[in-house]
Amino acid sequence: MLNFDTIRAFDIHTHAEEPCCGPRDDGYDEFQAGMANYFKNPAGAKGMLPTVQETAGYYRERNIGCVIFPVDGERETGFRRYSNEEVAQIAAENSDIMIPFASIDPAKGKAGAREARRLVREFGVRGFKFHPTMQGFYPNERWAYPLYEAIAEEGAIMLFHTGQTGVGSGMHGGMGMRLKYSNPMHVDDVAVDFPDTPIILAHPSFPWTEEGLAVAQHKPNVYIDMSGWSPKYFPKIFVHYANTILKKKMLFGSDWPAITPDRWLSDFEELEIRDEVRPLILKENARRLLAP
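Residues numbered from 1 in each chain as written. Predicted model: local features only at pLDDT ≥ 70, side-chain atom pairs only at ≥ 80, totals over all residues. Heavy atoms only, no water.

Trainee: I'd love a proper account of unusual backbone geometry, names of residues and values included.
Mentor: In the segment running from Phe206 into Pro207, the intervening peptide bond is cis, with an omega of 5°. Relative to the assigned elements, Pro207 resides in the loop between strand 6 (199–202) and helix 9 (209–218). The backbone of Asn63 shows a phi angle near 55°, a positive value even though the residue is not glycine. Relative to the helices and strands, Asn63 resides in the loop between helix 2 (52–62) and strand 2 (64–69). A relative accessible area of 31% places Asn63 in the partly exposed class. Phi is positive for Ser205, close to 65°, though the residue is something other than glycine. Tracing the chain through its elements places Ser205 in the loop between strand 6 and helix 9. (Helix = DSSP H or I, 4+ residues; strand = E, 2+ residues; numbered from the N terminus. Buried < 20%, exposed > 50% of the residue type's maximum accessible area, 1.4 Å probe, protein only.)

Trainee: Go over helix 11 (residues 261–269), please, and point to the residues and values.
Mentor: Restricting attention to buried positions, one finds in helix 11 the residues Pro261, Trp264, Leu265, Asp267 and Phe268. Angularly, the buried residues of helix 11 cover 165° about the axis, an arc narrow enough to put them on a single face. On its buried side, helix 11 packs onto strand 1 (9–15), helix 2, strand 2 and helix 12 (278–290). (Arc of directions from axis to C-beta. Contact = heavy atoms within 4.5 Å.)

Spelled out as structure tokens, the structure:
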């Protein structure tokens, strides 16, 4: 089991990207090439995406713990999702370094709610990743609530992508991805209706950065992960809140493999973050959320 005392940092936002169920779907290479261009890295090139097992090895070498998850975007993208069970099983084999989250499209309704309960009870899944833009829904739509209710009742965490996305960036019609779904203010309703469930807003929420900060400040159960951006590009107000009133709610996340923890941590070293705040962001805030 992962020991927070012995790791040097904890990355709360890493992706299981390579399909597990056979060859890549039509269009998947183009999708990943677009992501690689957006993030200025080669990870999306054919054969370059790391497996979950390779990801575990990478993080173990660096003594960094991590949360890992797939994204269920089947309905909107047509790409088969990475098996939640397989991700959880591989994470269990690497439990010294990995904690599994899962992803279920809320449109799966009661079937999705049953799956969520089973994943928590039988596979040790600790949280669930939602990507409103990639899944095509507003987080506060009531038809999504049966899944949220199951997650809340099982004591798991909800993590929502917020802000702009590299998914479909620069592609024809943005690959059909609609940015409007990922305004963090839509998550405010979820935080009101599920006040005892930890909720993480992923990324600095650009261009709605201030909305994300407001929700995290106002709702005791809402946190922000700092993934998806190199810290050198963080807006000044985001850094200011991280240093002050949200210092216990900010979480280190990279967005692996789009951004590596090596790159993120190197740029974080140059960021004007107070000495007493750095350990909170890098590990201690995650410990409070995830340690048994």
